[in-house]
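Summary of structural features
Chain by chain, the residues:
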Amino acid sequence: MRKKTTLRAVAAASAALLLTTACNSQRGQDDKDAAADGACQGQQTTGITDKTIKLGGIYPLSGPASAYGTISKGVSAYFKHVNDKGGIDGRTVEFIVRDDGYQPPKAVEEARRLVEQEKVFAVFQTLGTPSTAAVWDYLDKRKVPQPFVATGASVWGTDDNHPWTTGWQPNYISEARVYAKYLKEEKPKAKVAVLYQNDDFGKDLLGGFEAAVAGSGIKVVAEESYEVTDPSVSAQMTSLARSKADVLLNITTPKFGSQALAADAKNAKWNPLHIVNNVSSSATVLKPVGFKNVQGVVSATYFKDPADPQWADDAEMKTYREALRKHVPGSDPANQFNAYGWAAASSLHKALDAMKCPTREGLRDAVRNLKDVKVDMLLPGVTLSTGPDDAFPIETMQLMRFKGERWQLFGKPVDTRKEFGPPAK
């Protein structure tokens, strides 16, 4: 309940800003949007022609979550690679990237710019739960697809009032269930300390974990939160260490994930099993801490790690590396965030191919009617599936443990749909 209430508050505040600044200038704009004829008569074709398709994305290229900004490079590399091969169904993709600095009001401004000035076909990937929540009412009212948002908040799959918005990555509640399952099997009497970001992202994963361990021998014995504007989490980590918990659940974004890992490494008197959530598991988060200091850290994933030598001869990984070097020179192919962007863009390609009508409505319907769609950058056994009552495209994850200088997968992939069922609406 607290997650949904906060999310609605963010969305309401942003919606008010939108209405007061844009209502008059945009009155009647929907009537001017291009429309299809024939079998797709009346459906919106703004941003798409027989030869082009224009997409927009909103990322924190600056600010406290700027480590995620490189995701846009992976997306751009994919679309440029596809354009070299003739585009998507013969259409050249133009991908416009905007920076919101991880600030919801700025995300609203950039969404308006993409829709009203750039006339994009879809806003593909708004990154972060707060920014996505800030713009989804606006995009829903404008009937603009918001497919495969870069956030795992469970609300993107449980909400019935925003058909134009769809998640992509495993939702945070399902991720939390994977960690809970692991602890039940390996440390059934675990005492858990939790560091979490004080927003819908952090509360979603924390709430999912607490619900998953309820009634078991696992107890959450300490919780500390932080704000994205905080300079550090050293005080929170000091407080958590006093709990003497034998497990630390690290629910953070990259900047604070690195700080928490470093604080744990420096405290020789406290040596908990450290579980870091997926969105802070990139090697770029761990490397500043020193790989020798993060040995044994546990996380979970669903796409191929470009730093893992087991994928060195993988055809998709080779294509990804070559395209990134060609189209985004200077970027790091080993950065998992770049691979994330590539995988998400490849997923959108599949959805665009599945459109029955080359319209905004066609894309809206396609992303909600995926049936075990294979995406080559995802782990074996991980596919995209959605339906009328299932708006969670990816629901399978596999645990991994950091060893040496890279993550190593262990155990079997966990299909959270079959194992736990969907998150409650």
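Above this text you will find the structure in question.
Here we summarise the structure given alongside this text. All values reported here derive from a predicted model rather than from experimental measurement. (Residues numbered from 1 in each chain as written. Predicted model: local features only at pLDDT ≥ 70, side-chain atom pairs only at ≥ 80, totals over all residues. Heavy atoms only, no water.)

With respect to the packing of helix H12 (residues 315-327) against helix H13 (residues 336-353)
- Where H12 contacts H13, the two axes come as close as 11 Å, and the packing angle between them is 105°. Relative to H13, the element H12 lies roughly perpendicular. Between H12 and H13, the residues in contact are Glu316, Thr319, Tyr320, Ala323 and Leu324 and Asn338, Ala339 and Trp342, respectively.
- When the residues that make up the contact of H12 with H13 are grouped by side-chain class, the tally is five nonpolar, two polar and one charged. (Axes fitted to C-alpha atoms, helices over the stretch in contact; angles between N-to-C directions. Helix = DSSP H or I, 4+ residues; strand = E, 2+ residues; numbered from the N terminus. Parallel < 35°, antiparallel > 145°, perpendicular 65-115°, else oblique. Contact = heavy atoms within 4.5 Å. Nonpolar A, V, L, I, M, F, W, Y, C, P; charged D, E, K, R; others polar.)

With respect to the state of the cysteines
- Taken as a whole and judged by the stated rule, the model has one disulfide.
- Paired by a disulfide, Cys40 and Cys357 hold their sulfur atoms 2.0 Å apart. Between Cys40 and Cys357 the sulfur-sulfur dihedral comes to about -90°; the bridge is accordingly left-handed. In this pair, Cys40 sits in the loop between helix H2 (29-32) and strand E1 (52-59) while Cys357 sits in the loop between H13 and helix H14 (360-366), placing the two residues 317 residues apart along the sequence. (Disulfide = S-S within 2.5 Å.)

Considerations on the sheet that holds E1
- Pairing within the open sheet is parallel, and its three strands lie in the order E2-E1-E3. Looking at which strands have only one partner, the edges of the open sheet turn out to be strand E2 (92-99) and strand E3 (122-126). Direction aside, the axes of adjacent strands within the sheet are offset by 25° on average.
- With three bridges connecting them, E1 and E3 associate as parallel partners. By the bridge assignment, Ile58 is partnered in E3 with Thr126.
- Sitting on the sheet, H13 touches E1 and E3, and the angle it makes with E3 is about 150°. (Pairing = 2+ DSSP bridges.)

Let's talk about the pattern of salt bridges
- If you walk through the whole model with that rule in mind, you get 15 salt bridges.
- Among the ionic pairs, Asp314 bridges to Lys304, the shortest N-O distance being 2.9 Å. Of the two residues, Asp314 is situated in the loop between strand E8 (298-301) and H12 and Lys304 in the loop between E8 and H12; the sequence distance between them amounts to ten residues. For the residue pair Asp314 and Lys304, the accessibility class agrees, reading buried in each case.
- Here Asp390 ties to Arg417 by a salt bridge, and the two come within 2.7 Å at their closest N and O atoms. Here Arg417 lies in helix H15 (residues 416-420) and Asp390 lies in the loop between strand E10 (383-384) and strand E11 (396-403), a separation of 27 residues in the sequence.
- In this structure, a network of salt bridges that share partners links the residues Arg98, Lys106, Glu109, Glu110 and Arg113. (Salt bridge = Lys/Arg side-chain N within 4 Å of Asp/Glu carboxyl O. Buried < 20%, exposed > 50% of the residue type's maximum accessible area, 1.4 Å probe, protein only.)

Quick notes on the nonpolar core
- Ranked by internal contacts, the top residues of the largest apolar core, which has 90 residues, are Phe79, Trp168 and Leu378.
- It is H13 that contributes the most residues to this core, ten residues altogether.
- Taken domain by domain, the makeup of this core includes at least three residues from each of domain 1 (41-170 + 303-394) and domain 2 (172-301).
- Setting aside chain neighbours within four positions, we find Trp168 in contact with Phe148, Val149, Tyr302, Tyr340, Ala343, Ala344, Ser347, Leu378, Leu384, Pro393 and Ile394. (Core = buried A, V, L, I, M, F, W, Y, C linked by side-chain atoms within 4.5 Å. Domains from an automatic or database assignment.)

Concerning the packing of aromatic side chains
- A complete count under the given rule lists 18 aromatic pairs for this structure.
- Ring geometry for Phe79 and Phe124: centres 6.2 Å apart, planes at 65°, overall edge-to-face. Note that Phe79 is positioned in helix H3 (residues 71-84) and Phe124 in strand E3, a separation of 45 residues in sequence.
- By relative accessible area, Phe124 is classed as buried at 0%.
- If you follow Arg401 out to its NZ or CZ, it ends over the ring of Phe410, 4.1 Å from the centre. (Phe/Tyr/Trp six-rings, centres within 6.5 Å; stacked < 30°, edge-to-face > 60°. Lys NZ or Arg CZ within 6 Å of the ring centre and 35° of its normal.)

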